[in-house]
Amino acid sequence: MAEKQTLATWYDEKYGKMPNASLFEQLGGTAAVDAAVDIFYRKVLGDDRINRFFEGVDMEKQAAKQKAFLTMAFGGPHNYTGQDMRKGHAHLVKQGLNDGHFDAVVENLGATLKELGVAGNLIGQVAAIAESTRNDVLGR
Amino acid sequence: MTNIHYDNKRYELAENQSVLDCLNGHGVPVPYSCRVGVCQTCLMCAKSGTPPAAAQAGLKDSLKLSGHFLACVCQPTEDLDVALPDDALLSAHAIVHNLELLSHDIMRVELECLSSFDYRAGQFINLVRDSSHVRSYSIASVPRLDKYIHLHVRRLPHGRVSGWIHEALSIGQQAEIRGPAGDCIYVPGKPEQALLLIGTGSGLAPLYGILRDALDQGHQGPVRLFHGSRDLHGLYLMEELRELESRFPNFTYHPCLSGSEVPDGFTAGRVHEAALREIPELKGWRIFLCGHPEMVKMTRKKAFLAGASLQAIHADAFNVSHA
């Protein structure tokens, strides 16, 4: 018990007191995902480092997938496993998907949130969730 | 107790069970991915019954209006008769009321349906020549304005159904139709929104329906139709469209020609390029794209990059069948 309290105190001191609302709630929930998806997808399609991976895909299906990704990265409800991430990106890894491409996506995600006026510490948390999928996405 | 009807079978929904879990649990292979109502992989269509609002959250308005819903988050309190989107078609018999050439290779087919057949302008039906020759045609009529279902059938080289329609079909003949399907429709609301309609060839059919539907429902914002063809005899209904232009000050008609001969009053160039040159900033616009599949695909992307929301882009790509 005492040890737990110490840990909590250490965490609060290091990161500031955690508000009660979840990350997803703080970001604005589903409405935030809806607002972000067009901006994010437009940035991705306009980014010459990565847009070749999106050539010829069905844009509506792709946007729905991006919504699912954003929901997850925003800390919202999802049922994706690491295995799903591997399967979903395997064909892209074959086409040369690498860390640089992954970084570009995370960068676009951050820029999207910044454009929507999201606070820096929340953007950091979203980036950390996205980061946690890196090895699965890249099939390592 | 709520029942789910699928493919003429009845499945009882357990407490707190989703339509997806119920059907998958009984071996019906409904595809799915995220299972939280986001990715739209499990999209289904209610043929009767009203899906709960929560199962339609995030869907395009036109999909909501046509009864689509997400099975993974659908826990209805009333019975639903459901189908996968491609199988949600009704079969009906119709009589050919009239046949009229609109251009050298486009025939207007007017069909009188023998049973009630609810549709919206811009949706499509499948016309059955025989069990192995079925083709999709988009609907140019508006139920409120037109007594019959209007199709614009372009005669394709070696077209097994279009050739039959142009040569063999006769007035008074009976034909089977299936449908309607598709969500490239005008959804009432946002009457001030600007509408951009771009079509090639007989892609004018759904646009002609959508356009008259919107104007008849009192749409106030600008409505701009760009219809393109290579040369002059590929354009049709020009008089009717000019007439609409004079009746509705918010409507403008832009006939475009991509060939070398471009008379006065026509825009030179490919129709989607002309439209995007004329309107480079599409933020807030509602867009309809119909006709050539490559044109539709390319323009969807360009319109999105020009600021249009993906949810506001409606498309009907005319893929040619070789069966």
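All of these numbers come straight from a predicted model, not from anything done at the bench.

A.B. asks: When you look at the pattern of salt bridges in this model, what are you seeing that I'm missing?
C.D. replies: Any two side chains of opposite charge can pair, given that their charged atoms come close. Residues and elements named next belong to chain B. Scanning all chains against the criterion turns up 22 salt bridges over all chains. With a shortest N-O distance of 2.8 Å, Arg 144 and Asp 213 are connected by a salt bridge. Of this pair, Arg 144 sits in the loop between strand E9 (133-138) and strand E10 (149-154) while Asp 213 sits in helix H4 (residues 204-216); the two residues are 69 residues apart in sequence, bridging distant segments of the chain. Overall, the relative accessible area of 4% leaves Asp 213 in the buried class. Between Glu 167 and Arg 155 there is a salt bridge whose closest N-O contact spans 2.6 Å. Of this pair, Glu 167 sits in helix H3 (residues 162-167) while Arg 155 sits in the loop between E10 and H3, placing them 12 residues apart in sequence.

A.B. asks: Hey, could you run me through the nonpolar core in this one?
C.D. replies: It is characteristic of soluble globular proteins that their nonpolar side chains tend to be buried jointly. Counting residues in each nonpolar core, the largest one holds 62 residues, and the members touching the most others are Phe74(A), Leu196(B) and Leu282(B). With 8 residues, helix H3 (residues 29-45) of chain A is the single largest residue contributor to this core. In terms of domain composition, this core takes at least three residues from each of domain 1 (3-87) and domain 3 (195-317) of chain B. Residues contacting Phe74(A), with those up to four places away along its chain left out, are Leu23(A), Phe24(A), Leu27(A), Ala32(A), Val33(A), Ala36(A), Leu109(A), Leu113(A) and Val126(A). Ranked by size, the runner-up nonpolar core spans 25 residues in total, among them Tyr11(B), Cys42(B), Leu43(B) and Ala71(B).

A.B. asks: Could you clarify how one ought to interpret the interface of chain A and chain B in this entry?
C.D. replies: In many reports, interface size means the accessible area that the parts give up when they come together. Each partner contributes to the interface: chain A provides 17 residues, whereas chain B provides 20 residues. When chain A packs against chain B, the two sides together hide about 1600 Å² of surface, and 61% of this comes from carbon and sulfur. At the surface where chain A touches chain B, the tally comes to 3 salt bridges. Seen at the junction of chain A and chain B, the total is 8 residue pairs in polar contact (both at pLDDT 80 or more). Residue assignment for the side of chain A that touches chain B shows that the elements contributing at least two residues are H3 and helix H4 (59-73) of chain A. A total of 7 residues in the side of chain A that touches chain B trace back to one element, the largest contributor, which is H4(A).

A.B. asks: Is there a simple way to explain the sheet that holds strand E16 (residues 286-291) of chain B in this structure?
C.D. replies: Note: strands within a sheet are paired through backbone hydrogen bonds, in either parallel or antiparallel orientation. Residues and elements named next belong to chain B. The strand order across the open sheet built from 6 strands is E15-E14-E13-E12-E16-E17, with neighbouring strands paired in parallel fashion. The outermost strands of the open sheet, each flanked by one partner alone, are strand E15 (267-268) and strand E17 (313-317). Alignment of strand E13 (residues 223-229) against strand E14 (residues 251-257), held across 7 bridges, turns out to be parallel. Of the residues in E14, the one forming a bridge with Phe 226 is His 254. Running over the sheet, H4 touches strand E12 (195-200), E13, E14, E16 and E17 and is turned about 160° from E12. Taken strand by strand, helix H6 (residues 271-278) contacts E12, E13, E14 and E15, and its axis lies near 150° from that of E13.

A.B. asks: Just to check I follow, could you spell out the pairing of E17(B) for this structure?
C.D. replies: The side chains of a regular strand alternate between both faces of the sheet. All names here are of chain B. Two elements, E16 and E17, share 5 bridges in a ladder whose sense is parallel. Within the sheet, the bridge partner assigned to Cys 290 lies in E17 and is Asp 316. Note that the unit made of E16, helix H7 (residues 293-305) and E17 has a crossover that is right-handed.

A.B. asks: I keep staring at the domain arrangement of chain B and nothing clicks. Help me out?
C.D. replies: Splitting chain B by domain gives domain 1 (3-87), domain 2 (90-181) and domain 3 (195-317). A separation of 30 Å is found between the C-alpha centroids of domain 1 of chain B and domain 2 of chain B.

Procedures and definitions
- Residues numbered from 1 in each chain as written.
- Chains lettered and ligands numbered in written order.
- Predicted model: local features only at pLDDT ≥ 70, side-chain atom pairs only at ≥ 80, totals over all residues.
- Heavy atoms only, no water.
- Salt bridge = Lys/Arg side-chain N within 4 Å of Asp/Glu carboxyl O.
- Helix = DSSP H or I, 4+ residues; strand = E, 2+ residues; numbered from the N terminus.
- Buried < 20%, exposed > 50% of the residue type's maximum accessible area, 1.4 Å probe, protein only.
- Core = buried A, V, L, I, M, F, W, Y, C linked by side-chain atoms within 4.5 Å.
- Domains from an automatic or database assignment.
- Contact = heavy atoms within 4.5 Å.
- Buried area = accessible area lost by both parts, 1.4 Å probe.
- Polar contact = N/O pair within 3.5 Å; in protein donor to acceptor, adjacent residues only side chain to side chain.
- Pairing = 2+ DSSP bridges.
- Axes fitted to C-alpha atoms, helices over the stretch in contact; angles between N-to-C directions.
- Right-handed = clockwise from strand over helix to strand, strands pointing away.

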